[in-house]
Amino acid sequence: MKRISRIWLTSRPTLLCGVVTLGLTSASVASASDGPGPFGVTAATVASRQSARVGALFGSDRVGKLVGGHFCTASVVHSRQRDLIVTAAHCVDGDEGDLVFAPGYRDGRAPYGVWKVGKRFLPDGWAKGQSEDSDIAFAYVDELGGKRVEDVVGGNRFVTGTATGATAVTVTGYPDEREAPITCTNKPALHSRTQQRIDCPEFTGGTSGSPWVNGDKQVVGVLGGHEHGGDTADISYSVVLGAEAAELYRDAASGR
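Draft legend 1. Region of the structure containing unusual backbone geometry. Backbone geometry at Glu 202 places phi at a positive 75°, although glycine is not the residue there. The class of Glu 202 is partly exposed, set by a relative accessible area of 33%. Located in the positive-phi region is Lys 217, a residue other than glycine, with phi close to 60°. Assignment of secondary structure puts Lys 217 in the loop between β13 (211–213) and β14 (218–222).

Listed below in C-alpha cells is the structure:
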C-alpha cells in the first residue's frame, strides 16, 4: 500500500530540552466510559469547546493565508503557565523558521486566534537519534492580546502511565488535504511494549500530533511514533506515554 507520509520537517534533530533523569510512573486505569460509538468510524469534527483545544500547525509565513498551509496537529494541555501545547517531535524538530498554532482552525479561519510557537521541548531519545519511542514534544505559545491560550480554549490534562485499551479514546486531527479536522473514537491496543496503535480510517498526512483523549478529557496518546504515526491511512500509532514523557512534561510545565 502506498506510504502515507506524516513527515514535514526533515532536518537534523536539535536538542531543545534534555531529559536527564527519568522518574518512575505508576500504571493506572482511566475511569472514563468507553465513549461515543460507533467505534472505528471517522467523521468531520463538530465545532465545540472541547474540539477547540485541538488545532493546526503552520509555518509563520502562512499567517494571513492559512488555507492549504497546515502540516501537523497539536493540542493545548493544562499547565501552570496555561500556555503549553503537545504534538509529535517530528513536527517541531526542524530549523525552517517560526511556527504558529491555530486552535479550532477550519476553512481558512482561526476563530481563537493565531498563536506564535515559542520554546520547544524534545526528549533526548528523539534529539539524539530520532527514536520512534520518543516521538513527542511540547512547546510554549506566546500570549496573544494579553491572554494565554489555555484561558481562551481550555486544555486537556496530560496523563502518563494509563493502561492501553482500558477505555476508548477520541483522536482528532487535520489531514493535509482537508481544511477542517476529523475525529474517530476507538479502543487502542498495544503494538509493542513502547508503542500503541488505533484503527481509524482517513488519518493521512498532517494528522501527526493529534491527541488521543479519553472520556476523562485526558491526553493518553499523541499520534506519531512507529513509522512516524503510520504508513497507511487506517492504522495510527502513538508512543506509550511513560517515564520519558512524564519527565518531559514536568520540564515543560515547570518552565525549565
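Text resumes after the structure shown.
Draft legend 2. Focus on the state of the cysteines. Within the structure shown, the criterion is met by two disulfides. The disulfide partner of Cys 72 is Cys 91, and the S-S distance across this bridge is 2.1 Å. Handedness here is read from the sign of the S-S torsion; for Cys 72 and Cys 91, about -75°, the answer is left-handed. Placement of the pair is Cys 72 in strand β3 (residues 70–77) and Cys 91 in helix α1 (residues 89–92), with a sequence separation of 19 residues. What makes Cys 91 buried here is its relative accessible area of 1%. In this model Cys 184 forms its disulfide with Cys 200; the gap between the sulfur atoms is 2.1 Å. Disulfide Cys 184-Cys 200: the torsion about the S-S bond is -80°, which places it as left-handed. Of this pair, Cys 184 sits in strand β10 (residues 182–186) while Cys 200 sits in the loop between β12 (195–199) and β13, placing them 16 residues apart in sequence. Like Cys 200, Cys 184 is buried.

Draft legend 3. Local environment of the sheet that holds β12. On the basis of which strands lie adjacent, the open sheet formed by three strands has the order β11-β12-β15 and antiparallel pairing. Two strands bound the open sheet, and with one partner strand each, they are β11 (189–190) and β15 (235–239). Sheet topology note: the β11/β12 ladder contains two bridges and is antiparallel. The residue bridging Leu 190 from the neighbouring strand is Gln 196, located in β12.

Draft legend 4. Representation of the side chain of Arg 53 within the structure. Relative to the helices and strands, Arg 53 is located in the loop between β1 (42–44) and β2 (54–59). Buried and without a salt bridge, Arg 53 has Glu 150 as its closest oppositely charged side chain, separated by 7.6 Å. When residues no more than four places from it in sequence are discounted, the contact partners of Arg 53 are Ala 74, Ser 75, Val 76, Phe 101, Val 153, Gly 154, Gly 155, Asn 156 and Lys 217.

Draft legend 5. Region of interest: the confidence of the model for the protein chain. Here the protein chain shows a mean pLDDT of 87. Residues at 70 or above account for 84%. Confidence drops under a pLDDT of 50 for residues 1–35, and excluding neighbours within four residues, the segment shows 99 contacts in the predicted structure.

Draft legend 6. Here's a closer look at the pattern of salt bridges. Taken as a whole and assessed by the stated rule, the structure comprises seven salt bridges. In this structure, Arg 82 engages Asp 151 in a salt bridge whose closest nitrogen and oxygen atoms are separated by 2.5 Å. Here Arg 82 is found in the loop between β3 and β4 (84–87), whereas its partner Asp 151 is found in helix α3 (residues 149–153), with 69 residues between them in sequence. Its relative accessible area of 45% is what places Asp 151 among the partly exposed residues. Where Lys 116 meets Asp 98, a salt bridge forms, and the shortest distance between an N and an O atom there is 4.0 Å. Placement of the pair is Lys 116 in strand β6 (residues 115–121) and Asp 98 in the loop between α1 and β5 (99–103), with a sequence separation of 18 residues. A relative accessible area of 42% places Asp 98 in the partly exposed class.

Cut-offs and rules
- Residues numbered from 1 in each chain as written.
- Predicted model: local features only at pLDDT ≥ 70, side-chain atom pairs only at ≥ 80, totals over all residues.
- Heavy atoms only, no water.
- Buried < 20%, exposed > 50% of the residue type's maximum accessible area, 1.4 Å probe, protein only.
- Helix = DSSP H or I, 4+ residues; strand = E, 2+ residues; numbered from the N terminus.
- Disulfide = S-S within 2.5 Å.
- Pairing = 2+ DSSP bridges.
- Lys, Arg positive; Asp, Glu negative; His and termini not counted.
- Salt bridge = Lys/Arg side-chain N within 4 Å of Asp/Glu carboxyl O.
- Contact = heavy atoms within 4.5 Å.
- pLDDT = per-residue confidence, 0-100.

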